[in-house]
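Each chain is listed here by its residues.
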Amino acid sequence: AQSVTQLDSHVSVSEGTPVLLRCNYSSSYSPSLFWYVQHPNKGLQLLLKYTSAATLVKGINGFEAEFKKSETSFHLTKPSAHMSDAAEYFCVVRYTGNQFYFGTGTSLTVIP
Amino acid sequence: SAVISQKPSRDICQRGTSLTIQCQVDSQVTMMFWYRQQPGQSLTLIATANQGSEATYESGFVIDKFPISRPNLTFSTLTVSNMSPEDSSIYLCSVVTANGNTIYFGEGSWLTVV
């Protein structure tokens, strides 16, 4: 079955330190991969997406993610966390058709 | 990209009543979806809103509880019927781009049932 796994339900980092949010997918094919951010009391905002172009994808707010087919991973990173990055992050995978699969989310806390 | 407007953004509803959520998109889209996000949870697809035909519901969701309308390519409504406290959730409208590559979301409708 197709699935997407976010390995950490909660991540805490200090302001100014790197952020790593992990996402693994299951598929025999190259999917489209997305990261969305949901700030408190807000809807989901697209951070970045991978759709079979460059494997290193740059998004908004300094975030980037690298598609690694050999590891079936699409981890989200940022070199230096900011207080405003505190939010819920969702990894989303689209395989074939219009079926999108959502991870369970990772809550990012940024400690001042 | 697509700009999606949802209303109401928030509501507090009495048990047993029904509420209709509206979703307006700034461009014509083929695929529109309704999701539910229960407190502290990820998103669950309720149904695909099809223009000109009945919505396609996911397992666990039925038309009597969540009737959906899709009168044209830019608008859809979701009704949450006979609400109970378990229906307290965020309901999100979403659309997929014409090439099917990306999904965009509205700001969500926060429903609290008391």
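Further up the page is the structure itself.
### Remarks on the state of the cysteines
- Tallying each qualifying case throughout the model produces two disulfides over all chains.
- Each sulfur in the disulfide pair Cys23 of chain A and Cys91 of chain A lies 1.9 Å from the other. With the S-S dihedral at roughly -65°, the linkage between Cys23 of chain A and Cys91 of chain A falls on the left-handed side. One end of the pair, Cys23 of chain A, is in strand β4 (residues 23-26); the other, Cys91 of chain A, is in strand β10 (residues 87-94), and 68 residues separate them in sequence. Both residues of the pair, Cys23 of chain A and Cys91 of chain A, count as buried.
- One disulfide in the model links Cys23 of chain B with Cys93 of chain B; its S-S distance is 1.9 Å. One disulfide, between Cys23 of chain B and Cys93 of chain B, carries an S-S torsion of -65° and so falls in the left-handed class. Taken together, the positions of Cys23 of chain B in strand β3 (residues 19-25) and Cys93 of chain B in strand β9 (residues 89-96) put the pair 70 residues apart, joining distant regions of the chain. When sorted by exposure, Cys23 of chain B lands in the same class as Cys93 of chain B, which is buried.
- Note on Cys13 of chain B: no disulfide assigned, nearest cysteine sulfur contributed by Cys23 of chain B at a separation of 18 Å.

### Remarks on the sheet that holds strand β8 (residues 75-80) of chain B
Residue and element names in this part refer to chain B.
- In spatial order, the strands read β1-β3-β8-β7; together these four strands make up an open sheet with antiparallel pairing. Looking at which strands have only one partner, the edges of the open sheet turn out to be β1 (4-7) and β7 (68-72). When strand polarity is set aside, the average angle formed by the axes of neighbouring strands in this sheet is 15°.
- With three bridges connecting them, β7 and β8 associate as antiparallel partners. Residue pairing in the sheet places Ser69 in a bridge with Thr77 of β8.

### Concerning the pattern of salt bridges
Residues and elements named next belong to chain A.
- Tallying each qualifying case throughout the model produces four salt bridges over all chains.
- The partner of Arg22 in a salt bridge is Asp8, and the shortest N-O contact between them spans 3.0 Å. Remark: Asp8 occurs in the loop between β1 (3-6) and β2 (10-14) and Arg22 occurs in the loop between β3 (19-21) and β4; sequence separation between them is 14 residues.
- Here Glu64 and Lys58 are joined by a salt bridge, their closest N and O atoms 2.8 Å apart.
- For Glu64, a relative accessible area of 23% corresponds to the partly exposed category.
- Judged by its relative accessible area of 62%, Lys58 is exposed.

### Comments concerning the nonpolar core
- Trp34, Tyr35 and Phe105 of chain B are the most contacted members of the largest nonpolar core, which has 45 residues in total.
- The dominant element in this core, judged by the number of residues it contributes, is β9 of chain B, at six residues.
- Beyond its immediate chain neighbours, meaning those up to four positions away, Tyr35 of chain B contacts Phe100 and Phe102 of chain A together with Leu43, Thr44, Leu45, Ile46, Ile90, Tyr91, Leu92, Ser94, Ile103 and Phe105 of chain B.
- Within the second largest apolar cluster, 27 residues are counted, among which are Leu48, Phe63, Ala65 and Val93 of chain A.

### Remarks on the interface of chain B and chain A
- Contact residues are listed per partner, giving 21 residues for chain B and 19 residues for chain A.
- Across the chain B to chain A interface the summed buried area is about 1600 Å²; carbon plus sulfur atoms make up 54%.
- Between the two partners, chain B and chain A, sit zero salt bridges.
- Connecting chain B to chain A are six residue pairs in polar contact (both at pLDDT 80 or more).
- Of all the elements in the fold, those that place two or more residues in the side of chain B that touches chain A are β4 (31-37), β5 (43-49), β9 and β10 (103-105) of chain B.
- Ranked by residues supplied to the side of chain B that touches chain A, first place goes to β4 of chain B with four residues.
- Taken together, the residues of the side of chain B that touches chain A sort by class into 12 nonpolar, seven polar and two charged.

### So, the pairing of β4 of chain B
All names here are of chain B.
- The element β4 is extensively covered by neighbouring structure, given that six of its seven residues are classed as buried.
- The pairing of β4 with β9 spans seven bridges and is classified as antiparallel. Note that in β9 the partner of Arg36 across the bridge is Tyr91.
- Relative to β5, β4 is paired through six bridges, and the arrangement is antiparallel. Note that in β5 the partner of Gln37 across the bridge is Leu43.
- The antiparallel pairing of β4 with β5 creates a hairpin that spans five residues between the two strands, and Gly40 there sits at a positive phi of about 70°.

Rules used in this analysis
- Residues numbered from 1 in each chain as written.
- Chains lettered and ligands numbered in written order.
- Predicted model: local features only at pLDDT ≥ 70, side-chain atom pairs only at ≥ 80, totals over all residues.
- Heavy atoms only, no water.
- Disulfide = S-S within 2.5 Å.
- Helix = DSSP H or I, 4+ residues; strand = E, 2+ residues; numbered from the N terminus.
- Buried < 20%, exposed > 50% of the residue type's maximum accessible area, 1.4 Å probe, protein only.
- Pairing = 2+ DSSP bridges.
- Axes fitted to C-alpha atoms, helices over the stretch in contact; angles between N-to-C directions.
- Salt bridge = Lys/Arg side-chain N within 4 Å of Asp/Glu carboxyl O.
- Core = buried A, V, L, I, M, F, W, Y, C linked by side-chain atoms within 4.5 Å.
- Contact = heavy atoms within 4.5 Å.
- Buried area = accessible area lost by both parts, 1.4 Å probe.
- Polar contact = N/O pair within 3.5 Å; in protein donor to acceptor, adjacent residues only side chain to side chain.
- Nonpolar A, V, L, I, M, F, W, Y, C, P; charged D, E, K, R; others polar.

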